Amino acid sequence: PSAAGAPASRAARSAEGARVCDEALAAAVAMMRDCYGNPSSLHALGADSAKQMARAREAVASLLGCQPECVYFTSGGSEANNLAIFGAAGARARLGKRIVTTAAEHSSVSGAVGRLEGEGWDVVRVRPDAHGQIDARAVADAVDGQTALVSMMYVNNETGAVFPVERAARLIRAKNPRTLIHCDGVQAFGKLPVHVGRTEIDLMSVSGHKICAPKGSGALYIRRGVRVPPLIFGGGQERGMRAGTENLPAIAALGAACAVLDGRVREHFERACALRGRLLELLAQIEGVRVLSPPDGSPYITCLSVPGYRSETMLHFLESRGVFVSSGSACSKGASSPVLAAMGLPAPVIDGALRVSLIYTSREEELRQLADALAEGIRTVAHR
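Conventions and cut-offs
Residues numbered from 1 in each chain as written. Predicted model: local features only at pLDDT ≥ 70, side-chain atom pairs only at ≥ 80, totals over all residues. Heavy atoms only, no water. pLDDT = per-residue confidence, 0-100. Contact = heavy atoms within 4.5 Å. Core = buried A, V, L, I, M, F, W, Y, C linked by side-chain atoms within 4.5 Å. Buried < 20%, exposed > 50% of the residue type's maximum accessible area, 1.4 Å probe, protein only. Helix = DSSP H or I, 4+ residues; strand = E, 2+ residues; numbered from the N terminus. Patch = residues over 30% accessible without salt bridge, like charges linked within 9 Å, V, L, I, M, F, W, Y side chains within 5 Å. Areas by Shrake-Rupley, 256 points an atom, 1.4 Å probe, with all protein chains shown as cover. Salt bridge = Lys/Arg side-chain N within 4 Å of Asp/Glu carboxyl O. Expected span 1.5 Å × (residues − 1). Phe/Tyr/Trp six-rings, centres within 6.5 Å; stacked < 30°, edge-to-face > 60°. Lys NZ or Arg CZ within 6 Å of the ring centre and 35° of its normal. Pairing = 2+ DSSP bridges. Axes fitted to C-alpha atoms, helices over the stretch in contact; angles between N-to-C directions.

Caption draft 1: Quick look at the confidence of the model for the protein. The predicted model of the protein has a mean per-residue pLDDT of 92, with 93% of residues at 70 or higher. The low-confidence segment residues 1-15 (pLDDT under 50) makes 64 contacts with residues lying over four places distant or belonging to another chain.

Shown next, in the form of C-alpha cells:
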C-alpha cells in the first residue's frame, strides 16, 4: 500500500512504512532485555515468557473479536494466508478439489491458489467490476458440492474496496456447509469494526505492520472446530500449528499495538473517513487526477491515477518532496497491477496508478503536502 508521507525530515506515516508505535517498541525491547526466556521451556524464565505470549494472544483476540485459543501467531499476513489456503486444501481435498476466489487478491493468496491449480485443482476467480467491487452472490454461485475452499479478502490492498465477505460467507454456508471460508483480513484488522467470531468465516489472516506493530508479526484466526494441517513441522509450538521457537519480541509488540487500538477502532475509522473526504476534495482540484477507489471503500486506502505519467516517475518526484506513495502492490515492488487490470481499466490509467494509505495518526497537513506535491509533479514532470 502507498502512503501519504510526512516531511522529509521525519519518518513517513503510512500503513506500509509506519514507524512502530511506542507501546509496541517498548514491549519488544522488554522481551529482548528482561523477559528473554524460551516460552516453551519449563523453567521460570520460560514460564514468564509464556505468560507474556498469552497476554499478547488475548490482545489480538480482543481486537479480532474471538476467543484467544482461536489465534495462532505467524510471521505476517503472507504466511497466515499460505497456512490457511494450503491447510484448508489439505483438510478438505477429500470432499472436492474446487477453490473459489477473486481476481483481486493479494499475491500471497493468488500465488498459493495458483500453485494448487498447477497441481490439478479447479480454480474459479470472480472478477471485480469497474469500481473494484465484488458481487457476493457471484461468489456464492461459483460454489458447488465439490468446493473445498473460498478465499476472499476483506479490504483490497490496492483500491481499498470493501468486499462483502460476511454476506458471501452466509450464502456459502447455506449452499455448502462443508466449504471452508478464508478471509485475508490484513487491511481490515484494526481499521474496520470487524468481529470475526460473529461471522461464518473459518479462517482470517492478519498482519502486524499495518497497525504499527513490527514487520514480521501476524496471526491466523482459526474458528473453533476447524482443523487444518500445519506447513511447518518440528517442536509443536502454537499447539502444533507452527513449529519453531516463538518470536516473543514481535508477538508481544503485536499484542501491544492491538491493545492501543482496542475499543477505538470506530473512533479512528470515523476520523479516517473525514480525512479521506478532505483528500478527495484536494484531489478534485487537481486537473488530470482520476480517483480509482470506490466511494464506499476503506477510508484508509485511496488509489488514484494520473494517466499519461508513469507511476514510478511520479512516485520518485513525490519522494523528492518528502511524500511517500506506492505504485502497484508494495509486495510486488511496483509491478503492474493485476487488480486494476481485472477491473478492465485502460493501460494508461493502470500505468499512472498511485496508492495513498492513511493510519490512525495521519494528519490533514500531510494530505495537503501530498496534493501540493502531486500538482507540482503534474506541472513539471515530463509525460511518458
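Caption draft 2: Summary view of the nonpolar core. In this structure, Val60, Leu64, Phe73, Tyr154 and Met204 are the most contacted members of the largest nonpolar core, which totals 77 residues. In terms of residue count, the dominant contributor to this core is helix α7 (residues 248-261) (nine residues). Contacts of valine 60, omitting those with residues within four sequence positions, involve Val71, Phe73, Phe189, Ala219, Leu254 and Cys258. Formed by 28 residues, the second largest nonpolar core is a distinct cluster that contains Leu279, Leu315, Phe317 and Val381.

Caption draft 3: Focus on the environment of phenylalanine 189. With respect to the element layout, phenylalanine 189 can be found in the loop between β5 (180-184) and β6 (203-207). Here phenylalanine 189 falls in the buried class, since its relative accessible area comes to 3%. C-alpha of phenylalanine 189 to C-alpha of proline 177: the two residues are twelve residues apart in sequence and 26 Å apart in space.

Caption draft 4: Local environment of a nonpolar patch on the surface. Taken together, Leu25, Val29 and Met32 make up a surface patch of nonpolar side chains, about 270 Å² in accessible area. Position of methionine 32 relative to the elements: it lies in helix α1 (residues 22-33).

Caption draft 5: Structural context of unusual backbone geometry. Although it is not a glycine, cysteine 212 adopts a positive phi angle of roughly 75 degrees. Relative to the elements of secondary structure, cysteine 212 occurs in the loop between β6 and β7 (218-222). Assessed through its relative accessible area of 4%, cysteine 212 is described here as buried. Phi is positive for arginine 239, close to 50 degrees, though the residue is something other than glycine. The class for arginine 239 is partly exposed, based on a relative accessible area of 44%.

Caption draft 6: How the structure looks around α7. For α7, with 14 residues, the first-to-last C-alpha span of 20 Å sits near the 20 Å given by 1.5 Å per residue. For α7, the tally of buried residues reaches twelve of 14 residues, placing the bulk of the element in the interior. The complete set of buried residues in α7 reads Leu248, Pro249, Ala250, Ile251, Ala252, Ala253, Leu254, Gly255, Ala256, Ala257, Cys258 and Leu261. Looking at the buried side of α7, the elements it contacts are α1, α2 (44-64), β1 (71-74), β7 and α8 (265-284).

Caption draft 7: Molecular detail of the pattern of salt bridges. One pass over the full model with this rule turns up 19 salt bridges. A salt bridge links glutamate 79 to arginine 242, with the shortest nitrogen-to-oxygen separation between them at 2.5 Å. Of this pair, glutamate 79 sits in helix α3 (residues 77-92) while arginine 242 sits in the loop between β7 and α7, and the two are 163 residues apart along the sequence. On the basis of relative accessible area, arginine 242 is assigned to the partly exposed category, the value being 21%. In this structure, glutamate 200 engages arginine 173 in a salt bridge whose closest nitrogen and oxygen atoms are separated by 3.1 Å. Of this pair, glutamate 200 sits in the loop between β5 and β6 while arginine 173 sits in helix α6 (residues 165-175), and the two are 27 residues apart along the sequence. Assessed through its relative accessible area of 32%, glutamate 200 is described here as partly exposed. A residue is classified by how much of its surface remains accessible, and arginine 173, at 15% relative accessible area, is buried.

Caption draft 8: Broad picture of the packing of aromatic side chains. A complete count under the given rule lists zero aromatic pairs for this structure. It is arginine 239 that lies over the ring of tyrosine 72; its NZ or CZ is 4.0 Å from the centre.

Caption draft 9: Examining the pairing of β7 more closely. Among the five residues that make up β7, five are buried, leaving the element largely enclosed by the rest of the structure. By the alternation rule, side chains of β7 split into Gly218, Leu220 and Ile222 and Ala219 and Tyr221, which are all buried. Looking at chain direction, β6 and β7 are connected through five bridges and run antiparallel. Looking at the pairing, serine 205 lines up with leucine 220 of β7.

Caption draft 10: Looking closely at the sheet that holds β6. Strands sit in the order β1-β7-β6-β5-β4-β2-β3 across an open sheet of seven strands; the sheet is mixed. The open sheet terminates on both sides in strands that have one partner only, identified here as β1 and β3 (122-126). Strand-to-strand, the axes of this sheet are offset by a mean angle of 20 degrees, without reference to chain direction. The sheet contact formed by β5 and β6 spans three bridges and is parallel. Within β6, the residue paired with cysteine 183 across the bridge is methionine 204. Strands in contact with α2 are β1, β6 and β7; relative to β1, the strand with the most contacts, it is inclined by about 110 degrees.

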